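Each chain, letter by letter, is given below.
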Amino acid sequence: MTTPPALLIAGHGTRDDAGAEAFRAFVEELGRRRPDLPVAGGFIELSPPPLGDAVADLVERGVRRFAAVPLMLVSAGHAKGDIPAALAREKERHPGISYTYGRPLGPHPALLKVLERRLDEATGGRDRAEVTVLLVGRGSTDPDANAEVFKAARLLWEGRGYAGVETAFVSLAAPDVPSGLDRCARLGARKVVVLPYFLFTGILPDRVRRQTEEWAAAHPDIEVRSADVIGPEPELLDLVLERYEEAVAGDLRMNCDSCVYRIALPGFEDKVGLPQQPHFHPDDDGHGHGHHHGGHTHSHAH
């Protein structure tokens, strides 16, 4: 019987120890779920182990083929550029390996189900028609990635009975969390739940909660609650394995219709056609520059 390709999980990285440990525990749980698969995981930046170490671990275990799945909710710079470029670099380091590259996770119905559960936990079963949700994403300099968060917000609103679902970002993009809460108030909201669109705990989700508390303290006439992050739920484990199966089967469907590296979007015209190069990351070994893939700007499969 042919051995299936290994599963490589690519994470963003965080300076928060608990968030990094949550990722590592998640990778271990994936391995327990699929004992037939070699599973490894690494980070693009900030946290150990770096992605290159995870690839080296698989190679040492005899792996020659693997499917890489980005453990990320939206396709921003890391998923579009850094990870494919890093994988191309690993292919040069380990001649004879081959890989396919999966797509990011959201906004999948399974994750929307978990977000809905987080909202129910935060509201304690309150009538949804009274609740306005502020979905807060990481934020990116890539407009396509920010648009994906708005898409998730709309899909969360559809058919679930909330008064409204607004969108904000905690870094790099507007509106920020206080501005998002201001908008909810201007729209007449009196009960708001701030819902972090993050997989695991970390510095940025903590910042969302802190900014929410500060705004709530300054607006005592509005009831504001904070929901929890998605977390290592069974739905998330199932979805990662679904993305793995897609990558192995070649059913990739990566979003290129509004990719800033392919389409001239207003204000971002200078990015079209730019080669994607791996950044230097502090946890890597310094081979941070100089490799990009061929003639096109970000790769979907190798």
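Residues numbered from 1 in each chain as written. Predicted model: local features only at pLDDT ≥ 70, side-chain atom pairs only at ≥ 80, totals over all residues. Heavy atoms only, no water.

## Regarding the side chain of Thr167
Along the chain, Thr167 turns up in strand β6 (residues 164–169). If we skip the residues at most four places from it in the chain, Thr167 touches Leu134, Leu135, Val149, Phe150, Ala153 and Pro175. (Helix = DSSP H or I, 4+ residues; strand = E, 2+ residues; numbered from the N terminus. Contact = heavy atoms within 4.5 Å.)

## Digging into the packing of helix α6 (residues 177–186) against helix α7 (residues 203–218)
Helix-helix packing is characterised by the crossing angle of the two axes and by the distance between the axes. Between α6 and α7, whose axes approach to 9 Å, the crossing angle comes to 45 degrees. Looking at the two axes, α6 sits oblique to α7. Here α6 and α7 pass one another in a crossing that is right-handed. Contacts between α6 and α7 involve Val177, Pro178, Leu181, Asp182 and Ala185 on the former and, on the latter, Gln211, Thr212 and Trp215. For the contact of α6 with α7, the per-class residue count stands at five nonpolar, two polar and one charged. (Axes fitted to C-alpha atoms, helices over the stretch in contact; angles between N-to-C directions. Parallel < 35°, antiparallel > 145°, perpendicular 65-115°, else oblique. Left-handed = near helix turned anticlockwise from the far one by under 90°. Nonpolar A, V, L, I, M, F, W, Y, C, P; charged D, E, K, R; others polar.)

## Concerning the side chain of Ser171
Inspection of the secondary structure puts Ser171 in the loop between β6 and α6. A distance of 2.8 Å separates the side chain of Ser171 from the backbone oxygen of Arg138, its partner in a polar contact. Sequence-distant contacts of Ser171, defined by excluding residues within four places in its chain, comprise Arg138, Gly139, Ser140, Leu204 and Arg207. (Polar contact = N/O pair within 3.5 Å; in protein donor to acceptor, adjacent residues only side chain to side chain.)

## Concerning the packing of aromatic side chains
Within a pair of aromatic rings, the relevant descriptors are the distance that separates the centres and the angle that separates the planes. Tallied over the full model, the rule gives four aromatic pairs. Taking 5.9 Å as the distance between ring centres and 45 degrees as the angle between the ring planes, the aromatic pair formed by Phe150 and Phe169 counts as tilted. Highlighted residues: Phe150 in helix α5 (residues 143–157) and Phe169 in strand β6, separated in sequence by 19 residues. Judged by relative accessible area, which is 42%, Phe150 ranks as partly exposed. Since its relative accessible area comes to 1%, Phe169 is described here as buried. (Phe/Tyr/Trp six-rings, centres within 6.5 Å; stacked < 30°, edge-to-face > 60°. Buried < 20%, exposed > 50% of the residue type's maximum accessible area, 1.4 Å probe, protein only.)

## Quick notes on the sheet that holds strand β1 (residues 6–11)
One open sheet accounts for four strands, arranged β2-β1-β3-β4; its pairing is parallel. Only two strands of the sheet have a single neighbouring strand rather than two, namely β2 (39–43) and β4 (98–101). Geometrically, the sheet is characterised by an average inter-axis angle of 25 degrees between neighbouring strands, direction not taken into account. Bridging between β1 and strand β3 (residues 65–70) involves five bridges; their strand directions are parallel. In the sheet register, Ala10 faces β3, and the bridge partner there is Pro70. Sheet contacts for helix α8 (residues 234–249): β1, β3 and β4; angle to β3, the most-contacted strand, approximately 130 degrees. (Pairing = 2+ DSSP bridges.)

## As for the pairing of strand β7 (residues 191–196)
It is a general feature of regular strands that their side chains alternate between the two faces of the sheet. Among the six residues that make up β7, five are buried, leaving the element largely enclosed by the rest of the structure. Alignment of strand β5 (residues 132–137) against β7, held across five bridges, turns out to be parallel. If you follow Val133 over to β7, its bridge partner there is Val193. The sheet contact formed by β7 and strand β8 (residues 223–226) spans four bridges and is parallel. Of the residues in β8, the one forming a bridge with Val192 is Val224. As for the winding sense of the linkage, the β-α-β connection from β7 through α7 to β8 is right-handed. (Right-handed = clockwise from strand over helix to strand, strands pointing away.)

## A few points about the environment of Thr212
Along the polypeptide, Thr212 turns up in helix α7. Judged by relative accessible area, Thr212 falls into the buried class, the value being 2%. Spatially, the C-alpha atom of Thr212 lies 9.4 Å from that of Val193, the residues being 19 residues apart in sequence. Not counting residues within four places of it along the chain, the set of residues in contact with Thr212 comprises Val177, Leu181, Val194, Val224 and Ser226. One polar contact links the side chain of Thr212 to the main-chain carbonyl oxygen of Val208, over a distance of 2.7 Å.

## Comments concerning the pairing of β2
Counting buried positions over the five residues of β2 gives five, a clear majority of the element. Burial along β2 is two-sided: the residues Val39, Gly41 and Phe43 and Ala40 and Gly42 are all buried. Alignment of β1 against β2, held across five bridges, turns out to be parallel. Paired with Gly11 across the two strands is Phe43, which belongs to β2.

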